[in-house]
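Take a look at the letters that make up each chain.
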Amino acid sequence: MFHSYAAIGDSFTEGVGDELPDGSVRGWADFVAMGLAIAAREPIGYANLAIRGRKLGPIVDEQLEVAIALKPEVISFNGGGNDMLRPRMDEQVTADRFRQAINRIRDEGIHVLMLSGANPTEHLPLGKVFDARGARLTTALIDLADVPGVTFVDNFNDRGLRDIRYWSADKLHLNSLGHARVASNVLTAIGVPVPDEWGVAEVAAAPAGLRSRNTAAYYREFVLPWIGRRLTGRSSGDGRTAKRATLEPLTPDSAH
């Protein structure tokens, strides 16, 4: 049982796609923290340093040492998704940087939750290209699953999670159902019960959603703005700071 948890990463870990009524985002890492608090039956410390749009390099450079300095019992680490969406990606450099980050956390005696991101490529333009990159990156790092002090949660190869029901309107970010399923994968991997009220099992047992088409409206609303940011060197995370920069207490009551 972990009583302090820090998360680092990009939009996947920040929780984009799982928007709350007040405009903030929740996401799987928040769900994991809630599950830990409920299982512990006492407050835990939880920090989330992830910022949307970040490539792997900035995640490591800007978030890793900050998370380690908080001295949590466990750190979750995911990155590389934004690298895979770029026209060019040095897969070996990305894998090496990922591996170095995992070892840096382990060197501090902190347990690592190493996550592969969920796979959106069945719904995206050029999805086959991104799927191949993600598969190669996951394969290049799979040996870390056997390293002491590392728990590997392979969401990329969770076939059920590819169902359109788990994805938000942009088809790139998970919705609340998808984030809850990822959290369920994480909690199951570390032996923590998944709260029944999340309904993860019921959603998984329901019929699969119909495959959606990428219409002209979809390209106008989501694809073209994304291309515009790439061409101008902007990011969806520009000007943003961590939503939970310190190990703030999360109580079982607030988690419920």
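Calculation notes
Residues numbered from 1 in each chain as written. Predicted model: local features only at pLDDT ≥ 70, side-chain atom pairs only at ≥ 80, totals over all residues. Heavy atoms only, no water. 1 Å grid on protein atoms, 1.4 Å probe; cavity = no way out; pocket = protein on both sides within 12 Å on 5 of 7 lines; lining within 4 Å. Points joined across faces, edges and corners; volume = space filled by probe spheres on them. Helix = DSSP H or I, 4+ residues; strand = E, 2+ residues; numbered from the N terminus. Nonpolar A, V, L, I, M, F, W, Y, C, P; charged D, E, K, R; others polar. UniProt positions renumbered as here; feature names shortened; annotations may be inferred. Buried < 20%, exposed > 50% of the residue type's maximum accessible area, 1.4 Å probe, protein only. Pairing = 2+ DSSP bridges. Axes fitted to C-alpha atoms, helices over the stretch in contact; angles between N-to-C directions. Parallel < 35°, antiparallel > 145°, perpendicular 65-115°, else oblique. Contact = heavy atoms within 4.5 Å. Expected span 1.5 Å × (residues − 1). Salt bridge = Lys/Arg side-chain N within 4 Å of Asp/Glu carboxyl O. Phe/Tyr/Trp six-rings, centres within 6.5 Å; stacked < 30°, edge-to-face > 60°. Lys NZ or Arg CZ within 6 Å of the ring centre and 35° of its normal.

*Asks:* What exactly am I supposed to notice about empty space enclosed by the protein here?
*Replies:* Here the idea is plain: a probe the size of a water molecule rolls over the atoms and shows the empty space left. Under the criterion given, the structure shown has one cavity of 30 Å³ or more. There is about 50 Å³ of room inside the largest cavity. In terms of lining residues, the largest cavity is bounded by Y166, L177, A180, R181, W198, G199, V200 and V203. With three residues, helix α7 (residues 176–189) is the largest single contributor of residues to the lining of the largest cavity. Of the residues belonging to the lining of the largest cavity, the class tally is six nonpolar, one polar and one charged.

*Asks:* Can you help me understand the UniProt feature "domain: SGNH hydrolase-type esterase" (unreviewed entry) in the protein chain in this one?
*Replies:* Residues annotated by UniProt as "domain: SGNH hydrolase-type esterase" (unreviewed entry) correspond here to residues 7–181. Taken end to end, residues 7–181 comprises 42% helix and 13% strand; its first and last C-alpha atoms sit 17 Å apart.

*Asks:* Can you walk me through the pairing of strand β2 (residues 44–48) in this structure?
*Replies:* Two faces make up the sheet, and in a regular strand the side chains alternate between them. The buried fraction of β2 is high, at five of five residues. Here β2 shows a buried face lined by I44, Y46 and N48 and a second buried face lined by G45 and A47. Inspection of the sheet shows strand β1 (residues 4–8) paired to β2 by four bridges, in the parallel sense. Residue A7 lies in a different strand from β2, and its bridge partner there is N48. Direction of pairing for β2 relative to strand β6 (residues 244–250): antiparallel, over a ladder of four bridges. Within the sheet, the bridge partner assigned to I44 lies in β6 and is L250.

*Asks:* Help me understand the packing of helix α3 (residues 56–69) against helix α5 (residues 91–107), please; the structure alone is not making it clear to me.
*Replies:* Each packed pair of helices is defined by two parameters, the angle between the axes and the distance between the axes. It is the contact of α3 with α5, at a shortest axis distance of 11 Å, that shows an interaxial angle of 0°. Considering their axes alone, α3 and α5 lie roughly parallel with respect to each other. Residues L56, G57, V60, D61, L64, E65 and I68 of α3 touch α5, and the partners they reach there are T94, R97, F98, A101, R104 and I105. Across the contact of α3 with α5, the residue classes break down as seven nonpolar, two polar and four charged.

*Asks:* It is not clear to me how helix α9 (residues 216–232) should be interpreted in this structure. Could you clarify?
*Replies:* An α-helix turns once every 3.6 residues. As a result, residues three or four positions apart point the same way. With 17 residues, α9 should reach 24 Å at 1.5 Å per residue; the first-to-last C-alpha distance of 23 Å fits that figure. Positive phi shows up at G233, right after α9, with a value of about 75°.

*Asks:* Can you walk me through the pairing of β1 in this structure?
*Replies:* With five of five residues buried, β1 is to be regarded as a mostly interior element. Both β1 and strand β3 (residues 74–77) contribute to a ladder of four bridges, which runs parallel. Residue pairing for β3: I8 is matched across the bridge by F77.

*Asks:* Please clarify how the pattern of salt bridges should be interpreted in this entry.
*Replies:* Two side chains bearing opposite charge may form a pair once their charged atoms approach each other closely. Counted under the stated rule, the structure contains 14 salt bridges. Residue E91 is joined to R136 by a salt bridge in which the shortest nitrogen-to-oxygen separation is 2.7 Å. Taken as a pair, E91 in helix α5 and R136 in helix α6 (residues 127–141) lie far apart in primary sequence, 45 residues in all. Residue E91 is classed as partly exposed on the basis of its relative accessible area, which comes to 24%. Between R159 and E122 there is a salt bridge whose closest N-O contact spans 3.3 Å. Of this pair, R159 sits in the loop between β5 (150–154) and α7 while E122 sits in the loop between β4 (111–116) and α6, and the two are 37 residues apart along the sequence. Here E122 falls in the partly exposed class, since its relative accessible area comes to 28%. Overlapping salt bridges bring together E65, R104 and E108 as one network.

*Asks:* What is the right way to read the sheet that holds β3 from this model?
*Replies:* If you trace the six strands from one edge of the open sheet to the other, you get β5-β4-β3-β1-β2-β6, paired in mixed fashion. The open sheet has two edge strands with one neighbour each: β5 and β6. When strand polarity is set aside, the average angle formed by the axes of neighbouring strands in this sheet is 20°. Across the sheet, α3 is in contact with β1 and β3; its angle to β3 comes to roughly 170°.

*Asks:* Would you take a moment to explain the packing of aromatic side chains for this structure?
*Replies:* With the rule as written, the count across this model stands at six aromatic pairs. Geometrically, the ring pair formed by Y5 and Y46 is stacked, given 5.4 Å between the ring centres and 20° between the ring planes. With Y5 in strand β1 and Y46 in strand β2, the pair connects residues that are 41 residues apart, well separated along the chain. Pair check on accessibility: Y5 and Y46 agree, each one buried. Seen from their ring centres, Y218 and F222 are 5.6 Å apart, and the 45° between their planes marks the pair as tilted. Taken as a pair, Y218 and F222 lie in helix α9 at a separation of four residues, close to a single helical turn. Given a relative accessible area of 6%, Y218 falls into the buried group. Relative accessible area serves as the criterion here: at 25%, F222 is assigned to the partly exposed category. Here a set of aromatic residues connected by ring pairs shows up, and it is made of Y218, Y219 and F222. Residue placement shows R162 over the ring face of F156; its charged tip is 5.8 Å from the ring centre. Over the face of the ring belonging to Y218 we find K171, whose NZ or CZ atom lies 4.6 Å from the ring centre.

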